[in-house]
Amino acid sequence: MSKSTRVPGYMQSKGARNRGPLGDREIRYKCSMQNTILDVLRARPGWQEVSGPNPPQQQQLQQQQQQEKKGEGDWDFHWCDREWLHANYDTMFLQEHQKILHFRNHYELTRKNLMVKNLKRLRKQTEREMGKKEAESFDFYPTTYELPSEYHIFVEEFKKNQGIIWIMKPAAKSQGRGIFLFRKLKDITDWKKGEYQPLTDPNREVPETYVVQRYIEDPYLIGGRKFDIRVYVLVVSYNPLKVWLYRSGFARFSNSRFSLDSIEDAYVHLTNVAVQKTAPDYDPDKGCKWATQQLRSYLTAKHGSDAARRVFQGIDNIIIKSLQSVQKIIINDKHCFEMYGYDVLLDDKLKPWLIEINASPSLTASGKDDYDLKHGVLNDVLNVLDLENRLTGKEKRVGGFDLIWDDGAVTTDDGAMECSVNSVSTTSNSFLGCHCDRKKHLREIYTAAQALKKSTPS
Ligand code: ADP
């Protein structure tokens, strides 16, 4: 599998000294995952794993307090899972330099019901303050209701739109689990009996929260198949909001041709890899993914560069509006960062729709290309965070990540730059689906940063 390339400014060997804010020592990391992120961290020069299981909370607290007195924590960087964060965040004492994955209440954006609630709120506020036209820029999420709390409003809406298809999804589950489509209210009678009534399950005190959402019946199809687009977004601060967008990602296709005749067939309607790979005719070598670059080239060739550009600008809008919808709600903490996986679906008019936002997008690779993509994204997350202090801090691009929002929209340095996949000019610093020569770019920025640091007296 791919190895990290040596570039100027990288430390040249594992034992080399770190010149970053941590002084003259290695960067100590913890990692709760056993997948690509661990490979990336282990291969990173100058980084050292803090091994062993996490000690019990009380012991850890004492250790941390002792280490704090000595002026150090036991880790500098923690790629933790959400469970660890919830169990430990409120009792953690983080030091200036420590970085940890996830903001405390990331679920405000990543739970399906809360995401829509927050979007609805900002949409209303925008309409009040800036008018209807401006609020239309929020028309990117399908009509959604939370169940059981909004069941009656949903039924009213259902009656107004007889015949359309709805999709039912558990608010806090992933990988397509518990999802089903329906056309008639009587089709959810069985579900209501099981999920809606708290007393049918003695282990559950309240009924599980679901969202019911208008199903996008006219998805954009390629080769007769439906797909959605995975987009990687790195947020390093909510206040001010600072957002990096990764150029590469992928489109995930369903294995079977799209049809509305068989709404109970998950292989037709759900594009999750976890679902598709269980299809009897799934071919792991062929897989069901396209790189975002391939998708952008396809759309450009078929519909012209303006139409393709509008698709990707629409995705930028989704990213920024959704993050703004929780900007005042997320507990901002300078130690925290988030790497989101956005799922976006196109309809047959090329309009992008937000399906959901994942705080823990899958980092397990489904093949070599997928591994290389994830390896690159994760390395560039670390490059942006720059614990090694190798950058100037003024960069607008780091590897495959472009800074698209820094307390306001970021424009390209030249005013207009070309997306070399389709020769589109743009002034915004957003290049989703554009050419991504990340290693070459890293070499250039590290060389430039080194030269600048040498010429500037510290
Ligand atoms: P999960 O968290 O379980 O992956 P998602 O909300 O991402 O749940 O839905 C799973 C899949 O179902 C999506 O990848 C998409 O293919 C399909 N899907 C979800 N919501 C819609 C919708 N409103 N219209 C059309 N397809 C949808």
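Residues numbered from 1 in each chain as written. Predicted model: local features only at pLDDT ≥ 70, side-chain atom pairs only at ≥ 80, totals over all residues. Heavy atoms only, no water.

Trainee: Explain the site of the ligand to me, please; I cannot follow it from the model alone.
Mentor: Looking at the ligand, there are 25 residues lining it, with Lys-169, Gly-176, Thr-271, Asn-272 and Glu-356 nearest. At 2.9 Å from a nitrogen atom of the ligand is found a side-chain nitrogen or oxygen belonging to Lys-226. With respect to the ligand, the side chain of Asp-228 contributes an N or O atom lying 2.8 Å from an oxygen atom. Calculation on the ligand without its partners gives an accessible area of 550 Å², and the protein chains cover 99% of this total. In a pocket analysis with a 2 Å cut-off to the grid points, the ligand is assigned to the largest cavity. For the shell around the ligand, the elements supplying multiple residues, two or more each, are β6 (166-170), β8 (210-214), β12 (336-346) and β13 (352-358). Per-class residue counts for the shell around the ligand are 8 nonpolar, 7 polar and 10 charged. (Near = heavy atom within 4 Å. Polar contact = N/O pair within 3.5 Å; in protein donor to acceptor, adjacent residues only side chain to side chain. Areas by Shrake-Rupley, 256 points an atom, 1.4 Å probe, with all protein chains shown as cover. 1 Å grid on protein atoms, 1.4 Å probe; cavity = no way out; pocket = protein on both sides within 12 Å on 5 of 7 lines; lining within 4 Å. Sits in = over half its atoms within 2 Å of the grid points. Helix = DSSP H or I, 4+ residues; strand = E, 2+ residues; numbered from the N terminus. Nonpolar A, V, L, I, M, F, W, Y, C, P; charged D, E, K, R; others polar.)

Trainee: Which parts of the structure should I look at to understand the pairing of β6?
Mentor: Regular strands show a simple pattern: their side chains alternate between the two faces of the sheet. In terms of residue burial, β6 counts as a mostly covered element, since 5 of its 5 residues are buried. As defined by bridge partners, β6 adjoins strand β7 (residues 180-182) across 3 bridges and the pair is classed as antiparallel. The residue of β7 that forms the bridge with Ile-167 is Leu-181. Two strands pair when backbone bridges link them, and β6 and β8 are joined in this way by 5 bridges, in the antiparallel orientation. Counterpart to Pro-170 in the pairing with β8 is Tyr-210. (Buried < 20%, exposed > 50% of the residue type's maximum accessible area, 1.4 Å probe, protein only. Pairing = 2+ DSSP bridges.)

Trainee: Could you clarify how one ought to interpret empty space enclosed by the protein in this entry?
Mentor: In this approach a probe as big as a water molecule rolls over the atoms, and the regions it shows empty are the leftover space. Tallied over the full model, the rule gives 5 cavities of 30 Å³ or more. Of the voids in this model, the largest cavity is the one considered here, and its volume is about 310 Å³. Ile-167, Lys-169, Ile-179, Leu-270 and Ile-355 are, among the 26 residues lining the largest cavity, the residues nearest its centre. Elements that contribute at least two residues to the lining of the largest cavity include exactly β6, β8, β12 and β13. Tallying contributions element by element places β6 first for the lining of the largest cavity, with 3 residues. (Points joined across faces, edges and corners; volume = space filled by probe spheres on them.)

Trainee: Where do I start with helix α13 (residues 368-385) in this structure?
Mentor: At 3.6 residues per turn, the α-helix brings residues three or four places apart onto the same side. Along its 18 residues, α13 runs 26 Å from first to last C-alpha, staying within 8% of the 26 Å computed at 1.5 Å per residue. By the criterion of burial, α13 is predominantly enclosed, with 15 of the 18 residues buried. The first or second residue beyond α13 is Asp-386, which carries a positive phi of 55°. (Expected span 1.5 Å × (residues − 1).)

Trainee: I would appreciate a short explanation of the sheet that holds β8 in the present structure.
Mentor: What links the strands of a sheet is backbone hydrogen bonding, and the strands pair in either a parallel or an antiparallel sense. The 4 strands lie next to each other as β5-β8-β6-β7, forming an open sheet whose pairing is antiparallel. Each edge of the open sheet is held by one strand with a lone partner, namely β5 (144-147) and β7. Put simply, the sheet's adjacent strands are angled 25° from each other on average, direction ignored. Running over the sheet, helix α5 (residues 112-130) touches β5, β6 and β8 and is turned about 130° from β5. Seen against the sheet, helix α7 (residues 151-160) touches β5, β6, β7 and β8 and runs at an angle of roughly 140° to β5. (Axes fitted to C-alpha atoms, helices over the stretch in contact; angles between N-to-C directions. Contact = heavy atoms within 4.5 Å.)

Trainee: I keep staring at the packing of aromatic side chains and nothing clicks. Help me out?
Mentor: Given two aromatic rings, their pairing is described by the distance between the two centres and the angle made by the two planes. Within this structure, the stated rule accounts for 21 aromatic pairs. Taken together, a centroid distance of 6.3 Å and an interplanar angle of 85° make the contact between Tyr-340 and Tyr-342 edge-to-face. Assessed through its relative accessible area of 0%, Tyr-340 is described here as buried. Grouped by ring-pair contacts, the aromatic residues Tyr-145, Tyr-151, Phe-154, Phe-158, Trp-166, Phe-180 and Phe-182 constitute a single cluster. (Phe/Tyr/Trp six-rings, centres within 6.5 Å; stacked < 30°, edge-to-face > 60°.)

Trainee: Explain the confidence of the model for the protein here, please?
Mentor: Predicted coordinates in areas of low pLDDT are best not read in detail. On average, residues of the protein score 87 in pLDDT, and 83% of them are at 70 or above. Across residues 1-19, where pLDDT falls below 50, the model places 50 contacts with residues more than four positions away in sequence or in other chains. Contacts from residues 68-72, a stretch scored under 50 in pLDDT, to residues over four places away or in other chains number 6 contacts. (pLDDT = per-residue confidence, 0-100.)

Trainee: Mind showing me how you'd approach the nonpolar core here?
Mentor: Considering soluble globular proteins, one finds that nonpolar side chains tend to be buried as a cluster. Core analysis: the largest hydrophobic core is formed by 57 residues, its most contacted members being Val-233, Tyr-238, Ile-319, Leu-323 and Tyr-342. No other element matches helix α12 (residues 305-325), which puts 9 residues into this core. In terms of nonpolar packing, the next biggest core, distinct from the first, is built from 36 residues, Trp-79, Tyr-232, Val-377 and Leu-387 among them. (Core = buried A, V, L, I, M, F, W, Y, C linked by side-chain atoms within 4.5 Å.)

Trainee: Teacher, can you tell me more about unusual backbone geometry here?
Mentor: The phi torsion of most residues other than glycine is negative, and most of the peptide bonds are trans. With omega at 5°, the peptide bond leading from Leu-147 into Pro-148 counts as cis. Residue Pro-240 follows Asn-239 across a cis peptide bond; omega there is 0°. Structurally, Pro-240 is set in the loop between β9 (227-238) and β10 (241-253). A positive phi angle, close to 90°, is found at His-102, a residue other than glycine. The backbone phi angle of Leu-350 is positive, close to 65°, even though this residue is not glycine. On the secondary structure map, Leu-350 appears in the loop between β12 and β13.

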